[in-house]
Amino acid sequence: IEKEFSSMQNQYEPIKINIYNKKGDIVDFQFIYYKNSQILDIIIFAPYFISALTVLILLSIYLIFYYSNKSEKDQLWTGLAKETAHQLGTPLSSLIGWNEYIRSREKIDKKYISNEIEKDLIRLKIITDRFSGIGSKPTLKTKNLKNIITNNIDYLKKRISSEIKTSLNLKEINYEINEQLFGWVIENLYKNSVDAIGKNGDIIVNLFEENNKIIVEFSDSGLGIKKTEFKKIFNPGYTTKTRGWGLGLALAYRIISDYHKGIIYVKESIKNIKTTIRIELKK
(Lines give C-alpha, C1' and ligand atoms only; values in the text may rest on other atoms or scores of the structure.)
Protein backbone atom coordinates (compact mmCIF):
# COMPACT_ATOMS: atom_id res chain seq x y z
CA ILE A 1 0.00 0.00 0.00
CA GLU A 2 2.84 2.40 0.84
CA LYS A 3 4.52 1.61 -2.50
CA GLU A 4 1.26 2.28 -4.38
CA PHE A 5 0.71 5.52 -2.46
CA SER A 6 4.24 6.69 -3.24
CA SER A 7 3.67 5.93 -6.94
CA MET A 8 0.50 8.07 -6.91
CA GLN A 9 2.30 10.94 -5.18
CA ASN A 10 5.00 10.94 -7.87
CA GLN A 11 2.55 11.01 -10.80
CA TYR A 12 0.02 13.75 -10.04
CA GLU A 13 -0.80 16.46 -7.53
CA PRO A 14 -3.61 15.27 -5.25
CA ILE A 15 -7.16 16.62 -5.45
CA LYS A 16 -8.07 18.60 -2.34
CA ILE A 17 -11.59 17.99 -0.96
CA ASN A 18 -12.94 20.50 1.57
CA ILE A 19 -15.34 19.29 4.28
CA TYR A 20 -18.03 21.76 5.39
CA ASN A 21 -20.30 21.93 8.41
CA LYS A 22 -23.98 22.87 8.28
CA LYS A 23 -23.12 26.55 8.44
CA GLY A 24 -20.96 26.29 5.36
CA ASP A 25 -17.65 26.68 7.13
CA ILE A 26 -14.66 24.54 6.24
CA VAL A 27 -13.94 22.27 9.18
CA ASP A 28 -11.57 19.79 7.60
CA PHE A 29 -10.15 18.64 4.27
CA GLN A 30 -8.86 15.49 2.62
CA PHE A 31 -6.68 14.64 -0.37
CA ILE A 32 -7.44 12.16 -3.16
CA TYR A 33 -4.34 10.59 -4.69
CA TYR A 34 -4.52 8.84 -8.06
CA LYS A 35 -2.47 7.55 -10.99
CA ASN A 36 -2.91 6.23 -14.53
CA SER A 37 -4.54 2.86 -15.11
CA GLN A 38 -2.46 0.12 -16.71
CA ILE A 39 -4.26 0.41 -20.05
CA LEU A 40 -3.74 4.19 -20.12
CA ASP A 41 0.00 3.70 -19.58
CA ILE A 42 0.02 1.30 -22.54
CA ILE A 43 -1.84 3.80 -24.72
CA ILE A 44 0.51 6.65 -23.77
CA PHE A 45 3.61 4.71 -24.86
CA ALA A 46 1.98 2.95 -27.84
CA PRO A 47 2.49 5.84 -30.35
CA TYR A 48 6.22 6.02 -29.53
CA PHE A 49 6.58 2.25 -29.93
CA ILE A 50 4.61 2.25 -33.19
CA SER A 51 6.56 5.22 -34.57
CA ALA A 52 9.93 3.65 -33.76
CA LEU A 53 8.87 0.31 -35.22
CA THR A 54 7.52 1.98 -38.37
CA VAL A 55 10.75 3.94 -38.88
CA LEU A 56 12.76 0.75 -38.38
CA ILE A 57 10.64 -1.14 -40.93
CA LEU A 58 10.81 1.67 -43.50
CA LEU A 59 14.58 1.96 -43.00
CA SER A 60 14.98 -1.80 -43.45
CA ILE A 61 12.89 -1.77 -46.62
CA TYR A 62 14.86 1.17 -48.02
CA LEU A 63 18.25 -0.42 -47.37
CA ILE A 64 17.22 -3.78 -48.78
CA PHE A 65 15.61 -2.20 -51.85
CA TYR A 66 18.69 -0.04 -52.44
CA TYR A 67 21.02 -3.03 -52.73
CA SER A 68 18.60 -5.28 -54.62
CA ASN A 69 17.33 -5.85 -58.19
CA LYS A 70 20.58 -7.51 -59.29
CA SER A 71 19.41 -11.09 -59.21
CA GLU A 72 16.45 -13.29 -58.32
CA LYS A 73 17.89 -13.70 -54.83
CA ASP A 74 17.93 -9.92 -54.34
CA GLN A 75 14.31 -9.71 -55.52
CA LEU A 76 13.34 -12.36 -52.99
CA TRP A 77 14.87 -10.38 -50.12
CA THR A 78 13.10 -7.22 -51.29
CA GLY A 79 9.83 -9.07 -51.39
CA LEU A 80 10.47 -10.52 -47.95
CA ALA A 81 11.05 -7.05 -46.51
CA LYS A 82 7.85 -5.75 -48.08
CA GLU A 83 5.99 -8.81 -46.83
CA THR A 84 7.29 -8.00 -43.35
CA ALA A 85 5.89 -4.48 -43.55
CA HIS A 86 2.65 -5.79 -45.03
CA GLN A 87 2.24 -8.39 -42.29
CA LEU A 88 2.96 -5.84 -39.53
CA GLY A 89 0.73 -3.22 -41.14
CA THR A 90 -2.60 -4.78 -40.12
CA PRO A 91 -2.04 -5.05 -36.34
CA LEU A 92 -0.15 -1.74 -36.23
CA SER A 93 -2.99 0.07 -38.03
CA SER A 94 -5.42 -1.48 -35.61
CA LEU A 95 -3.38 -0.33 -32.59
CA ILE A 96 -3.16 3.20 -34.01
CA GLY A 97 -6.93 3.16 -34.53
CA TRP A 98 -7.59 2.11 -30.94
CA ASN A 99 -5.24 4.82 -29.73
CA GLU A 100 -7.20 7.50 -31.61
CA TYR A 101 -10.49 6.03 -30.41
CA ILE A 102 -9.46 6.17 -26.75
CA ARG A 103 -8.21 9.74 -27.12
CA SER A 104 -11.54 10.88 -28.58
CA ARG A 105 -13.76 9.25 -25.93
CA GLU A 106 -14.31 10.30 -22.34
CA LYS A 107 -15.87 7.00 -21.34
CA ILE A 108 -14.50 3.75 -22.73
CA ASP A 109 -15.02 0.03 -22.23
CA LYS A 110 -11.58 -0.76 -20.85
CA LYS A 111 -12.05 -4.52 -20.79
CA TYR A 112 -13.22 -4.71 -24.42
CA ILE A 113 -10.48 -2.40 -25.72
CA SER A 114 -7.82 -4.21 -23.69
CA ASN A 115 -8.93 -7.52 -25.22
CA GLU A 116 -8.78 -6.08 -28.74
CA ILE A 117 -5.31 -4.60 -28.17
CA GLU A 118 -4.19 -7.93 -26.79
CA LYS A 119 -5.35 -9.64 -30.01
CA ASP A 120 -3.18 -7.30 -32.07
CA LEU A 121 -0.19 -7.82 -29.78
CA ILE A 122 -0.64 -11.59 -30.13
CA ARG A 123 -0.81 -11.02 -33.88
CA LEU A 124 2.58 -9.28 -33.79
CA LYS A 125 3.99 -12.23 -31.85
CA ILE A 126 2.64 -14.65 -34.49
CA ILE A 127 4.25 -12.62 -37.28
CA THR A 128 7.58 -12.67 -35.45
CA ASP A 129 7.35 -16.45 -35.04
CA ARG A 130 6.57 -16.86 -38.74
CA PHE A 131 9.59 -14.97 -39.96
CA SER A 132 11.86 -16.65 -37.43
CA GLY A 133 10.71 -20.01 -38.83
CA ILE A 134 11.95 -19.26 -42.36
CA GLY A 135 15.22 -20.97 -43.20
CA SER A 136 15.21 -23.32 -40.21
CA LYS A 137 13.65 -26.71 -39.73
CA PRO A 138 10.20 -26.09 -38.23
CA THR A 139 8.69 -28.06 -35.37
CA LEU A 140 5.67 -30.08 -36.45
CA LYS A 141 2.86 -30.83 -34.01
CA THR A 142 -0.55 -32.43 -34.38
CA LYS A 143 -3.09 -29.62 -34.73
CA ASN A 144 -6.73 -29.19 -35.69
CA LEU A 145 -6.69 -27.88 -39.27
CA LYS A 146 -10.28 -26.64 -39.10
CA ASN A 147 -9.49 -24.37 -36.15
CA ILE A 148 -6.33 -22.98 -37.77
CA ILE A 149 -8.10 -22.17 -41.04
CA THR A 150 -11.10 -20.65 -39.25
CA ASN A 151 -9.02 -18.49 -36.90
CA ASN A 152 -6.80 -17.05 -39.62
CA ILE A 153 -9.66 -16.30 -42.02
CA ASP A 154 -11.86 -14.80 -39.28
CA TYR A 155 -9.08 -12.33 -38.43
CA LEU A 156 -8.86 -11.19 -42.07
CA LYS A 157 -12.61 -11.21 -42.84
CA LYS A 158 -13.18 -8.26 -40.53
CA ARG A 159 -10.68 -6.22 -42.54
CA ILE A 160 -11.97 -6.71 -46.08
CA SER A 161 -14.99 -5.47 -48.03
CA SER A 162 -18.36 -6.70 -46.77
CA GLU A 163 -19.25 -7.31 -50.43
CA ILE A 164 -16.87 -10.27 -50.48
CA LYS A 165 -18.66 -13.33 -49.08
CA THR A 166 -16.66 -16.17 -47.54
CA SER A 167 -17.99 -19.72 -47.10
CA LEU A 168 -16.13 -22.33 -45.04
CA ASN A 169 -16.81 -26.03 -45.56
CA LEU A 170 -14.37 -27.65 -43.17
CA LYS A 171 -14.14 -31.17 -41.78
CA GLU A 172 -12.67 -31.90 -38.37
CA ILE A 173 -9.16 -33.09 -39.28
CA ASN A 174 -6.01 -33.31 -37.16
CA TYR A 175 -2.63 -33.24 -38.89
CA GLU A 176 1.05 -32.80 -38.00
CA ILE A 177 2.01 -29.29 -39.10
CA ASN A 178 3.78 -26.12 -38.03
CA GLU A 179 0.84 -23.96 -36.97
CA GLN A 180 2.45 -20.56 -37.60
CA LEU A 181 3.76 -21.37 -41.08
CA PHE A 182 0.62 -23.23 -42.18
CA GLY A 183 -1.51 -20.31 -40.95
CA TRP A 184 0.66 -18.05 -43.12
CA VAL A 185 -0.19 -20.17 -46.16
CA ILE A 186 -3.90 -19.89 -45.40
CA GLU A 187 -3.64 -16.10 -45.11
CA ASN A 188 -1.68 -15.76 -48.34
CA LEU A 189 -4.19 -17.85 -50.28
CA TYR A 190 -7.11 -15.94 -48.80
CA LYS A 191 -5.52 -12.56 -49.57
CA ASN A 192 -4.74 -13.78 -53.09
CA SER A 193 -8.43 -14.60 -53.58
CA VAL A 194 -9.48 -11.22 -52.19
CA ASP A 195 -7.10 -9.41 -54.57
CA ALA A 196 -8.37 -11.45 -57.52
CA ILE A 197 -12.00 -10.62 -56.73
CA GLY A 198 -11.62 -6.90 -56.18
CA LYS A 199 -14.80 -5.22 -54.93
CA ASN A 200 -17.31 -8.06 -54.67
CA GLY A 201 -17.49 -11.80 -55.15
CA ASP A 202 -17.35 -15.13 -53.37
CA ILE A 203 -14.63 -17.18 -51.71
CA ILE A 204 -15.17 -20.82 -50.80
CA VAL A 205 -12.70 -22.72 -48.61
CA ASN A 206 -12.97 -26.52 -48.39
CA LEU A 207 -11.18 -28.97 -46.11
CA PHE A 208 -11.76 -32.70 -46.63
CA GLU A 209 -10.11 -36.11 -47.10
CA GLU A 210 -9.77 -37.79 -50.49
CA ASN A 211 -7.83 -40.88 -51.63
CA ASN A 212 -5.70 -41.05 -48.49
CA LYS A 213 -4.90 -37.32 -48.77
CA ILE A 214 -5.96 -34.23 -46.88
CA ILE A 215 -7.21 -31.52 -49.24
CA VAL A 216 -7.47 -27.78 -48.70
CA GLU A 217 -9.06 -25.80 -51.54
CA PHE A 218 -9.49 -22.06 -52.06
CA SER A 219 -12.00 -21.14 -54.78
CA ASP A 220 -12.91 -17.60 -55.78
CA SER A 221 -14.94 -15.81 -58.45
CA GLY A 222 -12.10 -13.47 -59.39
CA LEU A 223 -10.34 -12.58 -62.64
CA GLY A 224 -8.78 -16.01 -63.04
CA ILE A 225 -5.34 -17.25 -64.04
CA LYS A 226 -4.12 -18.02 -67.55
CA LYS A 227 -3.21 -21.65 -68.08
CA THR A 228 0.31 -20.64 -69.10
CA GLU A 229 0.74 -19.01 -65.68
CA PHE A 230 -0.44 -21.94 -63.53
CA LYS A 231 3.13 -22.74 -62.48
CA LYS A 232 4.63 -19.26 -62.82
CA ILE A 233 2.51 -17.77 -60.05
CA PHE A 234 4.53 -19.75 -57.47
CA ASN A 235 7.86 -18.29 -58.66
CA PRO A 236 9.45 -15.61 -56.42
CA GLY A 237 8.94 -12.15 -57.86
CA TYR A 238 6.21 -13.17 -60.30
CA THR A 239 3.01 -11.13 -59.95
CA THR A 240 0.19 -9.81 -62.13
CA LYS A 241 -0.72 -7.06 -59.63
CA THR A 242 0.52 -3.50 -60.16
CA ARG A 243 1.37 -3.16 -56.48
CA GLY A 244 2.34 -6.74 -55.74
CA TRP A 245 5.78 -8.15 -55.07
CA GLY A 246 5.18 -11.80 -55.93
CA LEU A 247 6.13 -13.40 -52.64
CA GLY A 248 2.92 -14.66 -51.03
CA LEU A 249 2.36 -17.69 -53.25
CA ALA A 250 6.11 -18.37 -53.45
CA LEU A 251 6.24 -18.59 -49.66
CA ALA A 252 3.11 -20.76 -49.62
CA TYR A 253 4.72 -23.13 -52.13
CA ARG A 254 7.91 -23.48 -50.09
CA ILE A 255 6.07 -23.96 -46.79
CA ILE A 256 3.86 -26.70 -48.23
CA SER A 257 6.44 -28.51 -50.36
CA ASP A 258 9.63 -28.15 -48.28
CA TYR A 259 8.30 -28.11 -44.73
CA HIS A 260 5.16 -30.25 -44.97
CA LYS A 261 6.09 -32.50 -47.93
CA GLY A 262 2.85 -31.71 -49.72
CA ILE A 263 1.96 -30.10 -53.03
CA ILE A 264 0.16 -26.90 -53.97
CA TYR A 265 -1.10 -26.10 -57.46
CA VAL A 266 -3.80 -24.40 -59.52
CA LYS A 267 -6.53 -27.00 -59.98
CA GLU A 268 -8.67 -25.00 -62.43
CA SER A 269 -9.38 -21.46 -63.56
CA ILE A 270 -12.29 -20.05 -65.53
CA LYS A 271 -12.14 -16.29 -66.03
CA ASN A 272 -14.56 -14.35 -63.78
CA ILE A 273 -16.28 -17.60 -62.77
CA LYS A 274 -14.06 -19.85 -60.67
CA THR A 275 -10.40 -20.29 -59.81
CA THR A 276 -9.30 -23.04 -57.44
CA ILE A 277 -5.91 -23.47 -55.77
CA ARG A 278 -5.47 -26.83 -54.05
CA ILE A 279 -3.18 -28.08 -51.29
CA GLU A 280 -2.63 -31.83 -50.95
CA LEU A 281 -1.04 -33.31 -47.82
CA LYS A 282 -0.22 -36.98 -47.45
CA LYS A 283 -2.45 -38.50 -44.77
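Let's shift gears to helix 5 (residues 145-157). The first and last C-alpha atoms of helix 5 sit 18 Å apart over 13 residues, in line with the 18 Å expected at 1.5 Å per residue. Looking at helix 5, one finds that the buried residues are Leu145, Ile148, Ile149, Asn152, Ile153, Tyr155 and Leu156. Projected onto a plane normal to the axis of helix 5, the buried residues spread over an arc of 155° and lie on a single side. Where helix 5 starts, the residue carrying a side-chain oxygen 3.0 Å from the main-chain nitrogen of Lys146 turns out to be Asn144.

Quick look at the environment of Ile43 now. With respect to the element layout, Ile43 can be found in helix 2 (residues 38-66). The buried category is assigned to Ile43, whose relative accessible area is 7%. The sequence separation of Ile43 and Ile102 amounts to 59 residues, and the corresponding C-alpha distance is 8.2 Å. Residues contacting Ile43, with those up to four places away along its chain left out, are Asn99, Ile102 and Ile117.

The next thing to look at is the pairing of strand 2 (residues 26-32). Both strand 1 (residues 15-20) and strand 2 contribute to a ladder of 6 bridges, which runs antiparallel. Its bridge partner being in strand 2, Ile17 is matched across the sheet by Gln30. Taken together, strand 1 and the strand that follows it, strand 2, pair antiparallel across an intervening segment of 5 residues, in which Gly24 is found at a positive phi of about 95°.

What follows deals with the sheet that holds strand 9 (residues 274-282). Pairing between sheet strands relies on hydrogen bonds along the backbone, with the strands arranged either parallel or antiparallel. Taken in spatial order, the 5 strands make up an open sheet running 4-6-7-9-8, and their pairing is mixed. Each edge of the open sheet is held by one strand with a lone partner, namely strand 4 (164-170) and strand 8 (263-270). With direction set aside, neighbouring strand axes in the sheet form an average angle of 15°. As judged from the 7 bridges shared by strand 8 and strand 9, these two strands associate in the antiparallel manner. In the strand pairing of strand 9, Ile263 is matched with Glu280. The strands touched by helix 5 within the sheet are strand 4, strand 6 (201-210) and strand 7 (213-220), with strand 4 carrying the most contacts at an inclination of about 170°. Here helix 6 (residues 179-197) sits on the sheet and contacts strand 4, strand 6, strand 7, strand 8 and strand 9; the angle it forms with strand 7, its principal contact strand, is near 25°.

Here is what the cut-offs are and how they apply
- Residues numbered from 1 in each chain as written.
- Predicted model: local features only at pLDDT ≥ 70, side-chain atom pairs only at ≥ 80, totals over all residues.
- Heavy atoms only, no water.
- Helix = DSSP H or I, 4+ residues; strand = E, 2+ residues; numbered from the N terminus.
- Expected span 1.5 Å × (residues − 1).
- Buried < 20%, exposed > 50% of the residue type's maximum accessible area, 1.4 Å probe, protein only.
- Arc of directions from axis to C-beta.
- Polar contact = N/O pair within 3.5 Å; in protein donor to acceptor, adjacent residues only side chain to side chain.
- Contact = heavy atoms within 4.5 Å.
- Pairing = 2+ DSSP bridges.
- Axes fitted to C-alpha atoms, helices over the stretch in contact; angles between N-to-C directions.

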